[in-house]
Amino acid sequence: YVATTVASGCILGSEFCESATSEALLDGYGVFKEEALELDPNYQPTTVNTDGWGATQAAWKLLFPAIVLIRCFLHAWLRIRDRSKNLKEMFFEIGKRVWSVYGCQTQEAMSLAVNDLRIWAKQNLTGVVLEKVLDLCGKTAEWSLHYVYRGCARTSNMLDRLMRSQNKFFSRGQAFHGGVCSAKLRCRSQALLYNYRDWCPRTRKLNNGIRCPAERINKKRYAKNWLENLLIATSICKKKKPPQKTK
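Summarised in this report is the structure supplied together with it. (Residues numbered from 1 in each chain as written. Predicted model: local features only at pLDDT ≥ 70, side-chain atom pairs only at ≥ 80, totals over all residues. Heavy atoms only, no water.)

### Details of the pattern of salt bridges
The following threshold applies: A pairing counts as a salt bridge when a side-chain nitrogen of Lys or Arg comes within 4 Å of a carboxyl oxygen of Asp or Glu. Segments assigned H or I by DSSP are reported as helices when at least four residues long, segments assigned E as strands when at least two residues long, and all are numbered from the N terminus. Burial here depends on accessible area, computed with a 1.4 Å probe over protein chains only, as a share of the maximum for the residue type. Under 20% is buried, over 50% is exposed, and the range in between is partly exposed.
The tally for this structure, following the rule as stated, stands at ten salt bridges. One salt bridge in this structure joins Arg188 and Glu35, with 2.9 Å as the shortest N-O distance. Taken together, the residues span a long stretch of sequence, with Arg188 in helix α9 (residues 180–196) and Glu35 in helix α1 (residues 22–39) at a distance of 153 residues. With a relative accessible area of 33%, Arg188 lands in the partly exposed category. For Glu35, a relative accessible area of 31% translates into the label partly exposed. It is possible to trace a salt-bridge network through shared partners that takes in Asp198, Arg211, Glu215 and Arg221.

### Notes on the side chain of Glu15
We apply this condition: For this analysis, residues touch if any pair of their heavy atoms sits within 4.5 Å.
Examined against the element boundaries, Glu15 turns out to sit in strand β2 (residues 10–16). In contact with Glu15, not counting residues within four places along its chain, are Tyr1, Val2, Ala3, Gly28, Val31, Lys184 and Arg188.

### A short note on the pairing of β2
Successive side chains on a regular strand alternate, one facing one side of the sheet and the next facing the other. The line we're drawing: Only when DSSP finds a minimum of two bridges between them are two strands counted as paired.
In terms of residue burial, β2 counts as a mostly covered element, since six of its seven residues are buried. Of the pairings in the sheet, the one linking strand β1 (residues 2–7) to β2 comprises six bridges and is antiparallel in character. Within β2, the position partnered with Thr5 by the bridge is Gly13. Taking the residues that link successive antiparallel strands as the turn, the β1-β2 hairpin has two residues, and the phi of Ser8 there is positive, at about 55°.

### Things to note about the packing of helix α3 (residues 73–84) against helix α4 (residues 89–102)
Defined as follows: Lines fitted to the C-alpha atoms define the axes, with helices restricted to the stretch that makes contact. Angles between their N-to-C directions range from 0 to 180 degrees. Geometric relationships in this document are graded by angle, where less than 35 degrees denotes roughly parallel, more than 145 denotes roughly antiparallel, 65 to 115 denotes roughly perpendicular, and other angles denote oblique. Classes in brief: Ala, Val, Leu, Ile, Met, Phe, Trp, Tyr, Cys and Pro nonpolar; Asp, Glu, Lys and Arg charged; the others, Gly included, polar.
Where α3 contacts α4, the axes come no closer than 11 Å and their chain directions differ by 170°. In terms of axis orientation, α3 runs roughly antiparallel to α4. Of the residues in α4, those touching α3 at Phe73, Leu74, Trp77, Ile80, Arg81 and Ser84 are Phe91, Ile94, Gly95, Val98, Trp99, Val101 and Tyr102. For the contact of α3 with α4, a count of residues per class yields ten nonpolar, two polar and one charged.

### Section: empty space enclosed by the protein
Operational definition: Here a cavity is any set of points on a 1 Å grid over the protein atoms alone where a 1.4 Å probe fits but cannot get out, and a pocket is any open set with protein on both sides within 12 Å along at least 5 of 7 lines; a residue lines the site when it has an atom within 4 Å of a point. Grid points are joined across faces, edges and corners, and a volume is the space filled by probe spheres set on the points.
Per the stated rule, a full pass over the model turns up one cavity of 30 Å³ or more. Put simply, the largest cavity is a space of about 40 Å³. Taken together, Leu12, Gly13, Ser14, Glu15, Gly28, Val31, Phe32, Glu35 and Arg188 make up the lining of the largest cavity. Counting only elements with at least two residues in the lining of the largest cavity, the list comes to β2 and α1. Residue composition of the lining of the largest cavity, grouped by class: three nonpolar, three polar and three charged.

Written out as structure tokens, the structure reads:
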């Protein structure tokens, strides 16, 4: 398992974990916290969007007690989708009604839409599909917090996009071989390559000449050559401020 943290299109944390328990994920995500605090001792994220895996949520809450957990709406839909694909036309009706809830502009409108969805589901659905739709309705408070924290991530689709690159990287390298240390280094190397390797010309044009995800988030580039830029940016050769004289 890889405890992966992303924001603004960059991989900010990528740590190998030997299991998906709360303890293992706490250690994995703890590396992200430790390195974030090295940059800013007062670092405290306001929200984090996660799927429904309890161990992940528990790890984040232990690391940042003040953080607000927002459940991913997309994962709630995926659980419904995977169990309703064989319902033909009803599948599209379910999808339309579920995503109409997501599109509500106010919390009051969302509450009404969820209530309508619950009533409709009880009248038209059965079995595990009904169970998953009602489960989505029952967890409304967890994925509707975006109305309070404007600008937060409502789904984990950014993470899913970046993990495609992870999957390709590990698959082509036949996953992990050797010890835990080499596995951790492999995770970190993939994250660095993703963040600092140059985009293709088309993507650079779409980003107003910015050449990689790290440059977009940092608004800074140290060298034209991407590898030289990576080496300088990750060298941690920062100079400490000289002590201030006191009168």
